[in-house]
Amino acid sequence: EAGVAQSPRYKIIEKRQSVAFWCNPISGHATLYWYQQILGQGPKLLIQFQNNGVVDDSQLPKDRFSAERLKGVDSTLKIQPAKLEDSAVYLCASSLGTRTNEQFFGPGTRLTVL
Amino acid sequence: GDSVTQMEGPVTLSEEAFLTINCTYTATGYPSLFWYVQYPGEGLQLLLKATKADDKGSNKGFEATYRKETTSFHLEKGSVQVSDSAVYFCALTENTGNQFYFGTGTSLTVIP
């Protein structure tokens with residue numbers, strides 16, 4: 001079974017630029033998560049989708065971050081404009097559905113904002 | 001609010017030593033508890049979980065028991081191997097909400 005795919009693996013941009021990350025979850029997984037992991041910290045949930053609907057985006061900085069999952073499969077996370085403090089690893093995870101189901105994580109995208 | 005606190009690393013052990021990584025939590029309800037592991041260069045993967053008090057999760061020789069009275073979920077292994085070198089994350093999710101809360105991670109290095 002293929003795992004969660006993410007691209008790109010690495011991205012370096014200057015502040016005030018825009019960037020987008022892509023995630024393709026495991027086939028059949030209804031729930032998709034985006035996390036931000038700052039160096040030395042644990043992952044912080046940014047947004048959770050159930051199929052193509054948003055379940056929780058309470059920790060998403062909506063003035064600059066946006067995410068979509070239009071067809072209920074793959075998803076994109078965008079930052080516009082980026083700030084220095086956005087430097088982090090962005091993790092995508094998927095699960096079959098319920099909260100206690102195992103989450104399967106992708107390898108992450110490491111973003112550096114200069 | 002909900003949170004997870006785990007012991008700070010890094011932890012360095014000799015092969016076959018006993019491992020304990022402490023994890024305590026704060027939750028308003030009745031959370032499910034997890035340990036995730038991140039091997040070098042790989043994504044996080046679930047190591048074990050427990051969904052109610054007194055449950056014991058176990059996998060690959062690792063164990064953790066959900067202790068409601070001490071709000072703890074300490075990870076243990078009787079004899080570590082070099083291949084256990086990784087970063088370990090404790091996490092919780094409330095059964096009435098959507099948020100997952102992760103600890104800061106504990107880096108373990110096992111030397112031969």
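Use the structure listed above.
No experiment lies behind these values; they were computed from the predicted model shown.

Calculation rules
Residues numbered from 1 in each chain as written. Chains lettered and ligands numbered in written order. Predicted model: local features only at pLDDT ≥ 70, side-chain atom pairs only at ≥ 80, totals over all residues. Heavy atoms only, no water. Helix = DSSP H or I, 4+ residues; strand = E, 2+ residues; numbered from the N terminus. Polar contact = N/O pair within 3.5 Å; in protein donor to acceptor, adjacent residues only side chain to side chain. Contact = heavy atoms within 4.5 Å. Phe/Tyr/Trp six-rings, centres within 6.5 Å; stacked < 30°, edge-to-face > 60°. Buried < 20%, exposed > 50% of the residue type's maximum accessible area, 1.4 Å probe, protein only. Buried area = accessible area lost by both parts, 1.4 Å probe. Salt bridge = Lys/Arg side-chain N within 4 Å of Asp/Glu carboxyl O. Nonpolar A, V, L, I, M, F, W, Y, C, P; charged D, E, K, R; others polar. 1 Å grid on protein atoms, 1.4 Å probe; cavity = no way out; pocket = protein on both sides within 12 Å on 5 of 7 lines; lining within 4 Å. Points joined across faces, edges and corners; volume = space filled by probe spheres on them. Pairing = 2+ DSSP bridges.

S.K.: Explain the side chain of Gln6(A) to me, using residue names and the numbers behind them.
M.R.: Residue and element names in this part refer to chain A. With respect to the secondary-structure elements, Gln6 resides in strand E1 (residues 5-7). A distance of 3.0 Å separates a polar side-chain atom of Gln6 from the backbone nitrogen of Cys92. A polar contact of 2.9 Å, which involves the side chain of Gln6, links it to the backbone nitrogen of Gly108. Discounting residues that sit within four places of it in the chain, Gln6 has contacts with Trp22, Cys23, Trp34, Tyr90, Leu91, Cys92, Gly106, Pro107, Gly108 and Thr109.

S.K.: Go over the packing of aromatic side chains, please, and point to the residues and values.
M.R.: Following the criterion strictly, the structure yields 14 aromatic pairs over all chains and no others. On the basis of an interplanar angle of 80° and a centroid distance of 6.3 Å, the ring pair of Tyr33(A) and Phe100(B) is categorised as edge-to-face. Of the two residues, Tyr33(A) is situated in strand E4 (residues 31-37) and Phe100(B) in strand E11 (residues 100-102); the pairing between them involves two chains. Note on Phe100(B): relative accessible area 2%, which makes it buried. Judged by centre distance (6.0 Å) and plane angle (85°), the rings of Tyr25(B) and Tyr66(B) are edge-to-face. Residue Tyr25(B) is located in strand E4 (residues 23-26), and its partner Tyr66(B) is located in the loop between strand E8 (62-65) and strand E9 (75-77); the two are separated by 41 residues in the primary sequence.

S.K.: Go over the interface of chain A and chain B, please, and point to the residues and values.
M.R.: Listed per partner, the contact involves 20 residues of chain A and 21 residues of chain B. Taken together, the two surfaces of chain A and chain B that pack against each other cover about 1,700 Å², and 52% of this comes from carbon and sulfur. Here chain A and chain B share zero salt bridges between them. There are two residue pairs in polar contact (both at pLDDT 80 or more) connecting chain A and chain B. Of the residues that constitute the side of chain A that touches chain B, the class distribution is seven nonpolar, 10 polar and three charged.

S.K.: How would you explain the layout of surface pockets if you had to name every residue and give the values?
M.R.: Considered as a void within the structure, the largest pocket measures approximately 670 Å³ in volume. Lining the largest pocket are 31 residues; nearest its centre among them are Gln37(A), Leu39(A), Val89(A), Arg110(A) and Gln38(B). Secondary structure elements with two or more residues in the lining of the largest pocket: strand E9 (88-95) and strand E11 (109-113) of chain A together with strand E10 (86-93) and strand E12 (106-111) of chain B. With four residues, the top contributor of residues to the lining of the largest pocket is E11(A). Looking at the lining of the largest pocket residue by residue, the classes come out as 13 nonpolar, 14 polar and four charged.

S.K.: Describe the pairing of E9(A), with residues and values.
M.R.: All names here are of chain A. Counting buried positions over the eight residues of E9 gives eight, a clear majority of the element. Here E9 shows no split at all, with Ala88, Tyr90, Cys92 and Ser94 on one side and Val89, Leu91, Ala93 and Ser95 on the other all buried. Inspection of the sheet shows E4 paired to E9 by seven bridges, in the antiparallel sense. Residue pairing for E9: Tyr35 is matched across the bridge by Leu91. Pairing of E9 with E11 involves three bridges; the strand directions are antiparallel. From the neighbouring strand, Val89 faces E11, where its bridge partner is Arg110. Where E9 meets strand E10 (residues 104-105), two bridges bridge the pair, whose relative direction is antiparallel. Opposite Ser94, over in E10, you have Phe104 as the bridge partner.

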